[in-house]
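# A look at the structure
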Amino acid sequence: MTILDNITTYKRKEVSAKKEAIPVRLLEKFPLFAKETKSLAEALRISTTGIIAEHKRRSPSKSVINDKVLLPEVVSGYELAGAKGISVLTDSNFFGGSLDDLLVAEKTVSIPILRKEFIIDPYQIYEAKAYGADAILLIAACLSAEELKQFSFLAKSLKLDVLLEVHNLEELQKSLLPNVDMIGVNNRNLKNFKVNIEISKKLSEEIPADFVKISESGISDTETIKDLRTYGFEGFLIGENFMKTENPGETAKAFIDKLR
Ligand SMILES: O=C(O)c1ccccc1NCC(=O)[C@H](O)[C@H](O)COP(=O)(O)O
């Protein structure tokens with residue numbers, strides 16, 4: 001069993017309980033369901049820095065990263081620092097996040113917000129919309145080719161951008177779909193948690209230019225970003241490197257200033 005197997009098994013139970021508590025027809029009545037979304041992909045395409053800064057309290061690989069800082073301070077600090085998008089982990093069991101985090105982030109910043117979740121059911125896409133997300137993450141390792149097609153279609157019909165995460169060529173090949181805006185290469189091996197930036201570089205040439213290329217995980221210095229840009233990457237998802245510090249917003253600012 002990998003960590004992804006554990007997470008998705010847990011998610012299936014969680015989602016089935018949530019569907020009972022708040023069915024889709026009620027989610028559709030949430031005020032934010034009618035919100036006009038902002039495109040994360042567009043924001044990255046016109047950006048010179050391309051940072052998506054993540055709110056991440058803890059993780060399976062690192063345990064507690066930072067449970068002291070308050071989310072509004074973190075996300076407003078990220079926006080002030082010049083991040084082009086905010087990623088909010090909404091999983092509670094493994095990452096210490098919540099849908100309330102998404103709501104608070106939506107109220108606090110005006111840049112696009114990615115709901116970082118392990119999506120295994122269309123219900124979670126409706127939930128993302130109802131709680132104010134502008135974009136969702138789909139993970140190729142968790143979904144069949146048919147599910148990727150259906151879930152990305154649903155997201156686009158709700159005006160949400162789609163970031164599709166891959167770890168290898170096989171996953172990439174089933175992910176090049178018309179309703180996908182961004183392809184994210186995850187540098188973290190989810191079997192042993194080792195990070196290897198070479199994975200992004202290796203897969204970069206297989207990603208057609210109509211997708212925004214994003215490199216995810218384990219990025220801790222600006223030299224890596226400058227290098228990844230030469231491979232066509234326009235977005236960089238960074239969590240732990242900012243969150244492990246006392247003031248993630250200030251850390252992000254110093255980081256992003258070096259990229260200008
Ligand atoms: O971060 C983990 O330990 C992890 C474990 C299992 C599944 C997913 C995991 N992380 C989710 C992410 O995609 C990262 O939070 C994101 O790419 C940022 O990574 P980092 O900059 O290394 O915090």
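Residues numbered from 1 in each chain as written. Predicted model: local features only at pLDDT ≥ 70, side-chain atom pairs only at ≥ 80, totals over all residues.

Looking at an unreviewed UniProt entry, the chain carries the name Indole-3-glycerol phosphate synthase, with the source organism given as Aequorivita soesokkakensis. Looking at the chain in UniProt, the text filed under Pathway (unreviewed entry) is "Amino-acid biosynthesis; L-tryptophan biosynthesis; L-tryptophan from chorismate: step 4/5." (UniProt positions renumbered as here; feature names shortened; annotations may be inferred.)

Before going further, it helps to spend a moment on the overall build of the chain. The number of helices and strands found in the chain is 12 helices and 10 strands. Relative to the compact-globule value of 18 Å for 260 residues, the chain shows a C-alpha radius of gyration of 17 Å, a close match. Principal-axis analysis of the C-alpha atoms places the extent of the chain at approximately 50 × 40 × 35 Å. Taking all contacts inside the chain whose residues are at least 6 apart in sequence as the whole, residues at least 24 apart take part in 68%. (Helix = DSSP H or I, 4+ residues; strand = E, 2+ residues; numbered from the N terminus. Rg over C-alpha atoms; globule rule 2.2 N^0.38 Å. Contact = placed C-beta atoms within 7 Å.)

Bringing the site of the ligand into the picture now. Around the ligand, 18 residues are found, and the nearest of them are Ser59, Ser61, Ser217, Gly239 and Glu240. Looking at the shell around the ligand, the elements with two or more residues in it are strand E10 (235-238) and helix H11 (240-243). Tallied by class, residues from the shell around the ligand come to 7 nonpolar, 7 polar and 4 charged. (Near = placed C-beta within 6 Å. Nonpolar A, V, L, I, M, F, W, Y, C, P; charged D, E, K, R; others polar.)

Of all 6 residues in strand E7 (residues 161-166), 6 are buried; the element is thus mostly enclosed. Burial along E7 is two-sided: Asp161, Leu163 and Glu165 and Val162, Leu164 and Val166, pointing in opposite directions, are all buried. Taken together, the 5 bridges between strand E6 (residues 135-139) and E7 define a ladder with parallel strand orientation. The residue bridging Ala135 from the neighbouring strand is Asp161, located in E7. Handedness of the E6-helix H7 (residues 145-157)-E7 crossover: right-handed. Two elements, E7 and strand E8 (residues 182-186), share 4 bridges in a ladder whose sense is parallel. Bridge pairing links Val166 to Val185 in E8. (Buried ≥ 20, exposed ≤ 12 C-beta atoms within 10 Å, placed from the backbone. Pairing = 2+ DSSP bridges. Right-handed = clockwise from strand over helix to strand, strands pointing away.)

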